[in-house]
Protein chains: 2
Amino acid sequence: MTASVFPPRLAELLEALKFLPGVGPRSAERMVLHMFARQPEGARRLARSLAEALTSVRPCSRCRMLADGDLCLICQSTGRDPSQLCVVESPSDLAAVESSGAYRGLFFVLSGRLSPLDGIGPEELGLEKLEKRLDEGVIRELILATSATVEGEATAAYLGRMAQRRDIRATRIAQGVPLGGELSYVDSGTLSSALAQRRQVD
Amino acid sequence: MTASVFPPRLAELLEALKFLPGVGPRSAERMVLHMFARQPEGARRLARSLAEALTSVRPCSRCRMLADGDLCLICQSTGRDPSQLCVVESPSDLAAVESSGAYRGLFFVLSGRLSPLDGIGPEELGLEKLEKRLDEGVIRELILATSATVEGEATAAYLGRMAQRRDIRATRIAQGVPLGGELSYVDSGTLSSALAQRRQVD
């Protein structure tokens, strides 16, 4: 297919669709043809819900997860353990931890990782809000689930000290061989972490 | 990832995204997180261009292709041969023919195929407009590029008679083995068409 059959307004929509992850020129064309040649009702519904989400979605005032009111669903929930706080780098990471089903505490979403070279310091990450949260005296454990990169580790170390100054236990999620991972396919950095963090067999 | 971390407005957007071709639950989640956690500017641009397209895109008054003014890009073009008219079933099919680069005439887009059982007769396909077009006396050849299905063939036969009544030549696109197709993988119906439509070797 060639873009030349699309009038200017649809050509602009094609461009706008391509910013979505996993959408290239061909799939954008398929989407436009599907919306306008076959399913205008679906396109109207998408336009409406996207516009509504854009006006109402904002960071949760407590944890900075995506919310469409003052608080996100997790902060609103009464069934979570308020003594545990898991720090993640982004809403996607929160969703990943949540889907593991292994965590029932609360979250705090940074807006990235400490990266002094890029001008990202404690203020940019919203750490002031996190410090206030720790000062409330409810949290007993700060679980550091930042990514396993240089910046992620630096962020975890910084946050760990912040917790320890308040006598709050700080823990870091384990690094090691992924479930089902064959040793011969695991990179050497992961393998050396897995060795360093080896556990006593019960 | 689990949908439970998304507030109601984003859950509704997730549902709306899933109507797009090739978008399932996981890719819809990835799109929402990308738009709202990382690229709000891209989401705003998408919302704007989708809303604009929805208000301005409509069928071309001459050929029923998607257009954002009175005429589509092809009907507006002065470089096309007005004596050839290619009939296709949908804007997607027009885009496919156009991308072949093998056709320089004009088009007419049906809104589907004749299917009496589904209540789709000549009026539903906009054939009145096509008849007027043929009556203008400019078209010399009507190329029937409807699909190679029972309804597509019935539609082609009906349109062919419509052209012949006006002494306009009607042609049907060839059916046969696709380019690069290995005979052992081609279905028997295609193969029997390819045999029936065999050509003299020059």
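Because the structure is predicted, anything quoted here is derived from the model rather than measured.

Q: Help me out: how do you make sense of the relation of the copies chain A and chain B in this one?
A: Between the two copies of the chain lies a rotation about an axis combined with a shift along it. Overlaying chain A on chain B yields an RMSD of 0.1 Å, the required transformation being a rotation through 180 degrees with an accompanying axial translation of 0.0 Å. The symmetry that links the two subunits is that of a two-fold axis. For chain A, the smallest separation between a C-alpha atom and the rotation axis is recorded for Ala 47 of chain A, amounting to 3.0 Å. Looking at chain A, 100% of its interface residues are interface residues in chain B too, so the copies touch through the same face.

Q: Honestly, the packing of helix α2 (residues 25–38) of chain A against helix α5 (residues 91–100) of chain B in this entry has me stumped. Any pointers?
A: The packing of two helices is summarised by the inter-axis angle and the distance between the axes. Where α2 of chain A meets α5 of chain B, the closest approach of the two axes is 9 Å, and the angle between their N-to-C directions is 135 degrees. Between α2 of chain A and α5 of chain B, the angle is such that the two are oblique. When α2 of chain A is examined against α5 of chain B, the residues Leu 33, Ala 37 and Arg 38 of chain A are found in contact with a partner set consisting of Pro 91, Ser 92 and Ala 95 of chain B. Split by residue class, the contact of α2 of chain A with α5 of chain B holds 4 nonpolar, 1 polar and 1 charged.

Q: Which parts of the structure should I look at to understand the interface of chain A and chain B?
A: Accessible area lost upon the coming together of the parts serves often as the stated size of an interface. Across the boundary between the two partners, chain A contributes 54 residues, which contact 54 residues of chain B. For the chain A and chain B pair, buried surface summed over both sides reaches about 5100 Å², with 77% attributable to carbon and sulfur atoms. Three residues stand out in chain A for area buried against chain B, namely Val 5, Arg 9 and Phe 19 of chain A, and they jointly supply 13% of the buried area on that side. Our count for the contact surface shared by chain A and chain B stands at 4 salt bridges. A salt bridge links Arg 9 of chain B to Glu 52 of chain A; the shortest N-O distance between them is 3.9 Å. At the boundary of chain A with chain B, the tally comes to 8 residue pairs in polar contact (both at pLDDT 80 or more). Those elements that place two or more of their residues in the side of chain A that touches chain B are α1 (8–17), α2, α3 (40–56), β2 (66–67), α4 (73–76) and α5 (91–100) of chain A. Across the side of chain A that touches chain B, the residue classes tally to 35 nonpolar, 9 polar and 10 charged.

Q: When you look at the pairing of strand β4 (residues 105–109) of chain A in this model, what are you seeing that I'm missing?
A: Looking down a regular strand, the side chains alternate between one sheet face and the other. Residues and elements named next belong to chain A. Among the 5 residues of β4, 5 are classified as buried, and the element is accordingly described as predominantly covered. As judged from the 5 bridges shared by strand β3 (residues 81–88) and β4, these two strands associate in the parallel manner. Counted as the bridge partner of Val 88 is Val 109 from β4. Handedness of the crossover joining β3 and β4 through α5 is recorded here as right-handed.

Q: Sorry if this is basic, but what is going on with the side chain of His 34 of chain A here?
A: Here His 34 of chain A shows up in helix α2. A polar contact of 3.2 Å, which involves the side chain of His 34 of chain A, links it to the backbone oxygen of Phe 19 of chain B. Beyond its immediate sequence surroundings of up to four residues, His 34 of chain A is in contact with Gln 39 of chain A together with Phe 19 and Pro 21 of chain B.

Q: Honestly, the sheet that holds strand β6 (residues 169–172) of chain B in this entry has me stumped. Any pointers?
A: Backbone-to-backbone hydrogen bonds join strands into a sheet, with any given pair of strands oriented parallel or antiparallel. Residues and elements named next belong to chain B. Reading across the sheet, the 4 strands line up as β4-β3-β5-β6 and stay open at both edges, with parallel pairing between neighbours. Both edges of this open sheet fall to β4 (105–109) and β6, since each of them pairs with a single strand only. For this sheet, the mean angle separating the axes of adjacent strands, direction not counted, is 25 degrees. Strand direction decides the pairing type here: strand β3 (residues 81–88) and strand β5 (residues 141–144), joined by 4 bridges, are parallel. From the neighbouring strand, Cys 86 faces β5, where its bridge partner is Ile 143. This element, helix α7 (residues 150–164), spans β3, β5 and β6 of the sheet and lies at about 165 degrees to β6.

Q: Mind showing me how you'd approach the nonpolar core here?
A: Among soluble globular proteins, nonpolar side chains are generally buried collectively. Core analysis: the biggest nonpolar cluster contains 113 residues, and Leu 13, Phe 36 and Leu 142 of chain A together with Leu 13, Met 35 and Phe 36 of chain B have the highest contact counts within it. If near-sequence neighbours (up to four positions away) are discounted, Leu 142 of chain A is found in contact with Leu 85, Val 87, Leu 130, Leu 134, Leu 159, Ala 163, Ile 168, Arg 169, Ala 170 and Thr 171 of chain A.

Q: Looking at this model, I keep getting lost on the domain arrangement of chain A. Mind explaining?
A: Domain annotation of chain A identifies domain 1 (3–56) and domain 2 (72–172). Computed from C-alpha atoms alone, the centre-to-centre distance between domain 1 of chain A and domain 2 of chain A is 36 Å.

Here is what the cut-offs are and how they apply
Residues numbered from 1 in each chain as written. Chains lettered and ligands numbered in written order. Predicted model: local features only at pLDDT ≥ 70, side-chain atom pairs only at ≥ 80, totals over all residues. Heavy atoms only, no water. Least-squares fit on C-alpha atoms with pLDDT ≥ 70 in both. Contact = heavy atoms within 4.5 Å. Axes fitted to C-alpha atoms, helices over the stretch in contact; angles between N-to-C directions. Helix = DSSP H or I, 4+ residues; strand = E, 2+ residues; numbered from the N terminus. Parallel < 35°, antiparallel > 145°, perpendicular 65-115°, else oblique. Nonpolar A, V, L, I, M, F, W, Y, C, P; charged D, E, K, R; others polar. Buried area = accessible area lost by both parts, 1.4 Å probe. Salt bridge = Lys/Arg side-chain N within 4 Å of Asp/Glu carboxyl O. Polar contact = N/O pair within 3.5 Å; in protein donor to acceptor, adjacent residues only side chain to side chain. Buried < 20%, exposed > 50% of the residue type's maximum accessible area, 1.4 Å probe, protein only. Pairing = 2+ DSSP bridges. Right-handed = clockwise from strand over helix to strand, strands pointing away. Core = buried A, V, L, I, M, F, W, Y, C linked by side-chain atoms within 4.5 Å. Domains from an automatic or database assignment.

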